[in-house]
Amino acid sequence: LCTRKMSTRLGPLALGRSATVAARQSGTRAIRYGIRSSAMAKSSTSYQKLADELREIDSLQGISSILSWDELVVMKPKSAESRAAQKSALASVLHQRMTSKALGDLIASAEREVDALDAFEKASVRDARRQYDRKIKLPAELAKTEARLGSEGYQAWAKAKESGDYAVFKPFLESIVRLRQEEAAAVAPDMSKYDFQIDKFERGMTAPRLKEIFDELKPGLVDLIKEVSTATPLEIHHNLRGAEGGATFDPEVQASLCEDVMRKLGFDGILSRSLHPFTGGTAQDVRITTRYDPSDFISGVAGLVHETGHALYEENRPCGPQLGLPVSSALSMGIHESMSLLFERMVGQSEEFWEYFQPLVEEKFEHMKGVPASAYYDAINQVSLLLLAVVL
């Protein structure tokens, strides 16, 4: 059982404790996470061979993920060209493994014995087939180009962000859009190109269905935004305004604060800083980042709490015998993002959260002593009309 028990140190803010205890006590729930009793039938030899191959492919994908994390967190810009070449070469190796005749034969053999498998094994065979049938339609050169453009595009975005010059990033974005169109045309010519891209992140979702959802939500959201944006602005404590001449917050001390908050939320992985917060790594080596504004420590904490939600979702995916198999993969970006927003909005933006962490903030920042928890609550819940949810 690979679920991590969330910290109970938050008292009323602790999440998931009862679910974890129940999972430990219930044989049925244990099976959900890949634990099989000795009384259960053993998997077929064909399935085990397939599972071994899929785990090796997953390990190669994990190497790619760590390379990407290093690129966004540690690597110097001067190494961008060599990193792009490394990722392109690895993408080529992965494409070969994921489209090999040997893998196709293993999937076919497991399909012939699928009735002997349990529900989780059947799901892995089903998804292995789905992935294989899509990958064999994707030209190897496109896979290499995707990896190279990912590296080159990130470096261009970083330069554009620093200079405020969108033109630096524009040609790379155009190339990425063209690549996605070519990918859709090659892999799923009968689907609309946009539906194909949506389906990669939210299986079964389509643009028409999204329009139905958004059309239903839009009227209420427009009215709510109008009501909130025209309301009397919250009075923000002068130490939290981030205005010129106001309080400053050492990024190193912010990092220490965020480490402590992260641990108390139940995540004990790696926390680093990057230009934009993200969650990366692998299922057993989850890594998150945030960023620090010397004039606004709350934004760093907000990013940290959001990414912690993602990280805890990653850490609690089925592992054990299922680790590295399709059934353990994150299936829905909507569910993934709902976990991060649960932490960000319902935990990090609650007054109870700031009441709990107020002593820690005061311990880290001497000049914040005496600032009430309600001031932090107001600061993190102030509303601004922006085109983006996060200022890039």
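Attention in this report is confined to the structure presented alongside it. (Residues numbered from 1 in each chain as written. Predicted model: local features only at pLDDT ≥ 70, side-chain atom pairs only at ≥ 80, totals over all residues. Heavy atoms only, no water.)

**Regarding the pattern of salt bridges**
And then number 1: What the rule picks out here adds up to 25 salt bridges.
And then number 2: With its nearest N and O atoms 3.0 Å apart, the salt bridge here joins E53 to R97. You can see E53 sitting in helix 3 (residues 45–73) and its partner R97 sitting in helix 4 (residues 80–98), a full 44 residues away along the chain.
And then number 3: Given a relative accessible area of 17%, E53 falls into the buried group.
And then number 4: A salt bridge links R129 to D133; its shortest N-O distance comes to 3.2 Å. Of this pair, R129 and D133 are both found in helix 6 (residues 119–135), four residues apart, which corresponds to roughly one turn of the helix.
And then number 5: What makes D133 partly exposed here is its relative accessible area of 31%.
And then number 6: When salt bridges that share partners are traced, they join E146, R180, E183 and K200 into one network. (Salt bridge = Lys/Arg side-chain N within 4 Å of Asp/Glu carboxyl O. Helix = DSSP H or I, 4+ residues; strand = E, 2+ residues; numbered from the N terminus. Buried < 20%, exposed > 50% of the residue type's maximum accessible area, 1.4 Å probe, protein only.)

**What to know about the packing of aromatic side chains**
And then number 1: Evaluated as defined, the whole model comprises 10 aromatic pairs.
And then number 2: Look at F249 and F297: their rings are 5.0 Å apart centre to centre, the planes differ by 50°, and that puts the pair in the tilted class. Of this pair, F249 sits in the loop between helix 10 (207–229) and helix 11 (251–264) while F297 is found in helix 12 (residues 297–315), placing the two residues 48 residues apart along the sequence.
And then number 3: Relative to F357, the ring of Y356 lies with its centre 5.0 Å away and its plane at 85°, an arrangement referred to as edge-to-face.
And then number 4: On the basis of relative accessibility, which here comes to 2%, the residue F357 falls in the buried class.
And then number 5: Three or more aromatic residues joined by ring pairs form one cluster here, namely F249, F297, F353, W354, Y356, F357, F365 and Y376. (Phe/Tyr/Trp six-rings, centres within 6.5 Å; stacked < 30°, edge-to-face > 60°.)

**Focus: the nonpolar core**
And then number 1: Counting residues in hydrophobic clusters, the biggest one holds 37 residues, and the most contacted among them are L240, V261, F297, F353, W354, M368 and Y376.
And then number 2: It is helix 12 that contributes the most residues to this core, seven residues altogether.
And then number 3: Those residues in contact with Y376 that lie beyond four places of it in its chain are L240, F297, I298, W354, Q358, V361, M368 and V371.
And then number 4: One finds Y47, L90, L106 and L117 within the second-largest nonpolar core, a separate group that totals 19 residues. (Core = buried A, V, L, I, M, F, W, Y, C linked by side-chain atoms within 4.5 Å. Contact = heavy atoms within 4.5 Å.)

**Some points on the sheet that holds strand 2 (residues 279–282)**
And then number 1: Ordered by their spatial adjacency, three strands build an open sheet running 1-3-2, and the pairing between neighbours is mixed. Of all the strands in the sheet, the pair left with one neighbour each is strand 1 (270–273) and strand 2. Ignoring which end each strand starts from, the neighbouring axes of this sheet average 25° apart.
And then number 2: In the sheet, strand 1 pairs with strand 3 (residues 285–290) via four bridges, with the strands oriented parallel. If you follow L271 over to strand 3, its bridge partner there is I288.
And then number 3: The strands that helix 11 touches are strand 1 and strand 3; relative to strand 1, the one it contacts most, it runs at about 150°.
And then number 4: Packing of helix 12 onto the sheet brings it into contact with strand 1, strand 2 and strand 3, and relative to strand 3 it is tilted by some 165°. (Pairing = 2+ DSSP bridges. Axes fitted to C-alpha atoms, helices over the stretch in contact; angles between N-to-C directions.)

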